[in-house]
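Chain by chain, the residues run as shown.
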Amino acid sequence: MGSIVAIGAQWGDEGKAKMIDYLTRESDIVVRYQGGANAGHTVVVNDEKFVFHLIPSGILHEDKKCVIGNGVVLDPILFIEEMEVLEKKGINVKDNLVISDAAHFILPYHKIIDAALEEFQQENKIGTTKRGIGPCYSDKCLRIGIRVGDIMDEKYLKSRITTVLKIKNLQLQGTYNEKPFTVEEIMDILMTFKKKAGNLIKNTQTYLHQEIAHGKKILLEGAQGYGLDMDHGTYPYVTSSNPSIGGALLGTGLNSVNVTEVIGIAKAYVTRVGEGPFPSEADEEAGERLRVNGNEFGATTGRPRRTGWFDATLLKKSAMINGLTQIALTKLDVLTGFEKIKVCVGYDMDGERADDVCLSRYYKVKPIYVEIDGWEENISKCRSFEELPINCQNYVKFLEDEVGTPITYISVGPGREYTFKK
Ligand code: IMP
């Protein structure tokens, strides 16, 4: 039995949480492998809404284990808040969640620096979520990060924080004109975390391999999406981690032999939040219609998302880089009522076909569209491919042919029950 990786195939917000919730039913363990509280996942169960930022949504299943992997950057304050909200709703977090001792903590100075960096580069700002993601990952690379496991040895932790704050406070005061932090302030935050969540900490890399050896089925859950990947995405308009397949292995300690399926989750249209190129961005009228129909407002920041047409060329690259074996197509119902639906099937750069251009050059390309006939019928009650109106079926088949990867799941509404196998 192999592990499955579920990856956002576009620029994030593809409806991953709902698909992951669905796929969780066929798994024993769900692992979040990268990113932090920049992600916002909403799952609706029996009309009750659950918003997740750090904890895998698999936690809603009493019989599943969830893991926050070593590739995640964890905000201890937000984590405790999220855990307590879930526990108040009767979800058993304590017995079903483990946190990697090698994950890194996002500390208050990371968030201050994130906001200050955006302020400094006004002209070229990234439009980050200001959750401290970039500064935390950069400290990890500089080897001045604080890891979750560090809190188990308070003497060692204190000496690490003392050293790190010497550097951080210079940066905060000298470069950003911000107030310094004391060792006690940071220790307080981490000791509160230890008190409330210390018993969840584990060597998750070993744990996962042991569970695989016992025949357990693992689902690796990505945050954000391929287009926001630091290496493969629209750099510098990306997040500071690797949502793509490489990040899944790196952020869990699993290897390519362990993975048998890679499911790309893609919306039936495209959205992106923040700055950066977006070749198939829709015009104002269609864009607003997609935004309203699809309720495209960020779960983390509340920002309106930019909306556009399905970009099959982007998806093809996503399939290639991630080794997608299947695609889950979400929010197909949002397209109902459009007389014509555009699909981007290639790019033009300075009058030449440029489908192979790398994503960081996307600001130079113009989309080449094909128009597909839309449908009027309400599809939210459809529970099989055959029940979909013929034009809707044709749209799905067209995407499948263009991308060259089978679409195996379709979702036509927000709750669990709206997803079906094709
Ligand atoms: P950061 O991850 O906060 O550093 O933000 C970097 C870029 O990634 C910005 O354009 C954000 O809007 C985008 N981003 C981060 N997390 C998400 C997400 O969960 N969904 C969509 N976009 C995201």
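The structure displayed is predicted, hence computed values, not measured ones. (Residues numbered from 1 in each chain as written. Predicted model: local features only at pLDDT ≥ 70, side-chain atom pairs only at ≥ 80, totals over all residues. Heavy atoms only, no water.)

**Student:** It is not clear to me how the overall build of the chain should be interpreted in this structure. Could you clarify?
**Tutor:** The secondary structure content of the chain amounts to eleven helices and 20 strands. The C-alpha atoms of the chain give 21 Å as radius of gyration, which agrees with the globular expectation for 422 residues (22 Å, within 12%). C-alpha atoms of the chain, sized along the principal axes, occupy 65 × 50 × 40 Å. Within the span of the chain, comprising 422 residues, buried residues form 58% of the whole. (Helix = DSSP H or I, 4+ residues; strand = E, 2+ residues; numbered from the N terminus. Rg over C-alpha atoms; globule rule 2.2 N^0.38 Å. Buried < 20%, exposed > 50% of the residue type's maximum accessible area, 1.4 Å probe, protein only.)

**Student:** Before we go on, may I ask you to explain helix α11 (residues 390–403) in this structure?
**Tutor:** Side chains that are three or four residues apart share a direction in an α-helix, a result of its 3.6 residues per turn. For α11, with 14 residues, the first-to-last C-alpha span of 20 Å sits near the 20 Å given by 1.5 Å per residue. Of the residues making up α11, those classed as buried are Cys392, Gln393, Tyr395, Val396, Leu399, Glu400 and Val403. Angularly, the buried residues of α11 cover 160 degrees about the axis, an arc narrow enough to put them on a single face. Looking at α11, the residues exposed on the side facing more than 90 degrees away from the buried face are Ile390 and Asp401. On its buried face, α11 is in contact with β14 (310–311), α10 (312–322), β15 (326–330), β16 (340–349), β18 (366–373) and β19 (407–411). Just downstream of α11 lies Gly404, where phi reads positive at about 80 degrees. (Expected span 1.5 Å × (residues − 1). Arc of directions from axis to C-beta. Contact = heavy atoms within 4.5 Å.)

**Student:** For this particular structure, what's the right way to read the site of the ligand?
**Tutor:** Neighbouring the ligand are 15 residues, the closest being Asp13, Asn38, Thr129, Thr239 and Arg303. In the model, an oxygen atom of the ligand is placed 2.9 Å from a nitrogen or oxygen of the Asn38 side chain. Burial of the ligand by the protein amounts to 97% of the accessible area it has alone, namely 470 Å². Looking at the shell around the ligand, its residues break down into six nonpolar, seven polar and two charged. (Near = heavy atom within 4 Å. Polar contact = N/O pair within 3.5 Å; in protein donor to acceptor, adjacent residues only side chain to side chain. Areas by Shrake-Rupley, 256 points an atom, 1.4 Å probe, with all protein chains shown as cover. Nonpolar A, V, L, I, M, F, W, Y, C, P; charged D, E, K, R; others polar.)

**Student:** I'm lost on the packing of aromatic side chains in this one. Help?
**Tutor:** Each pair of aromatic rings is reported with the distance of its centres and the angle of its planes. Within the structure shown, the criterion is met by eleven aromatic pairs. Centroid distance Trp11 to Tyr362: 6.5 Å. Interplanar angle 70 degrees. Geometry classified as edge-to-face. One end of the pair, Trp11, is in the loop between β1 (3–8) and α1 (16–24); the other, Tyr362, is in the loop between β17 (352–353) and β18, and 351 residues separate them in sequence. We classify Trp11 as buried; its relative accessible area is 1%. Overall, Tyr362 belongs to the buried group, its relative accessible area being 1%. With a centroid separation of 6.5 Å and 20 degrees between ring planes, the pair formed by Phe50 and Phe52 is classed as stacked. An aromatic cluster of at least three residues, connected via ring pairs, comprises Trp11, Phe278, Tyr347 and Tyr362. Directly above the aromatic system of Phe50 lies the positively charged group of Lys89, at a separation of 4.8 Å from the ring centroid. (Phe/Tyr/Trp six-rings, centres within 6.5 Å; stacked < 30°, edge-to-face > 60°. Lys NZ or Arg CZ within 6 Å of the ring centre and 35° of its normal.)

**Student:** Looking at this structure, I do not really get the pattern of salt bridges. What am I missing?
**Tutor:** Think of it this way: side chains of opposite charge can pair up when their charged atoms draw near. Per the stated rule, a full pass over the model turns up 19 salt bridges. A salt bridge links Arg291 to Glu288, with the shortest nitrogen-to-oxygen separation between them at 2.4 Å. Of the two residues, Arg291 and Glu288 are both situated in helix α9 (residues 284–293); the distance of three residues between them amounts to about one turn of the helix. On the accessibility criterion, Glu288 (39% relative accessible area) is partly exposed. (Salt bridge = Lys/Arg side-chain N within 4 Å of Asp/Glu carboxyl O.)

**Student:** I'm lost on helix α3 (residues 108–120) in this one. Help?
**Tutor:** Between its first and last C-alpha, α3 extends 19 Å over 13 residues, near the 18 Å set by a 1.5 Å rise per residue. Taken together, the buried positions of α3 are Pro108, Tyr109, His110, Ile113, Asp114, Ala116 and Glu118. Those residues of α3 hidden inside the fold are in contact with β8 (104–105), α4 (133–142), α5 (154–175) and α6 (183–197).

**Student:** I keep staring at the layout of surface pockets and nothing clicks. Help me out?
**Tutor:** Of the volumes computed, that of the second largest pocket is approximately 240 Å³. Taken together, 16 residues line the second largest pocket, and the ones lying closest to its centre are Tyr226, Lys317, Met320, Val357 and Leu359. Partitioning the lining of the second largest pocket into residue classes produces seven nonpolar, four polar and five charged. Split by domain, the residues of the lining of the second largest pocket number at least three in each of domain 1 (3–101 + 201–262) and domain 3 (266–421). (1 Å grid on protein atoms, 1.4 Å probe; cavity = no way out; pocket = protein on both sides within 12 Å on 5 of 7 lines; lining within 4 Å. Points joined across faces, edges and corners; volume = space filled by probe spheres on them. Domains from an automatic or database assignment.)

**Student:** I keep staring at the domain arrangement of the chain and nothing clicks. Help me out?
**Tutor:** The figure often quoted for interface size is the accessible area lost as the parts come together. You can read the domains of the chain as domain 1 (3–101 + 201–262), domain 2 (104–196) and domain 3 (266–421). The C-alpha-based centres of domain 2 and domain 3 are spaced at 37 Å. Taken together, the contacts link six residues of domain 2 with five residues of domain 3. When the two sides are added together, the surface that domain 2 and domain 3 hide from each other amounts to roughly 400 Å², 49% of it contributed by carbon and sulfur. Taken together, domain 2 and domain 3 are joined by zero salt bridges. Our enumeration of links across domain 2 and domain 3 arrives at two residue pairs in polar contact (both at pLDDT 80 or more). Among the residues making up the side of domain 2 that touches domain 3, the classes are represented as one nonpolar, three polar and two charged. (Buried area = accessible area lost by both parts, 1.4 Å probe.)

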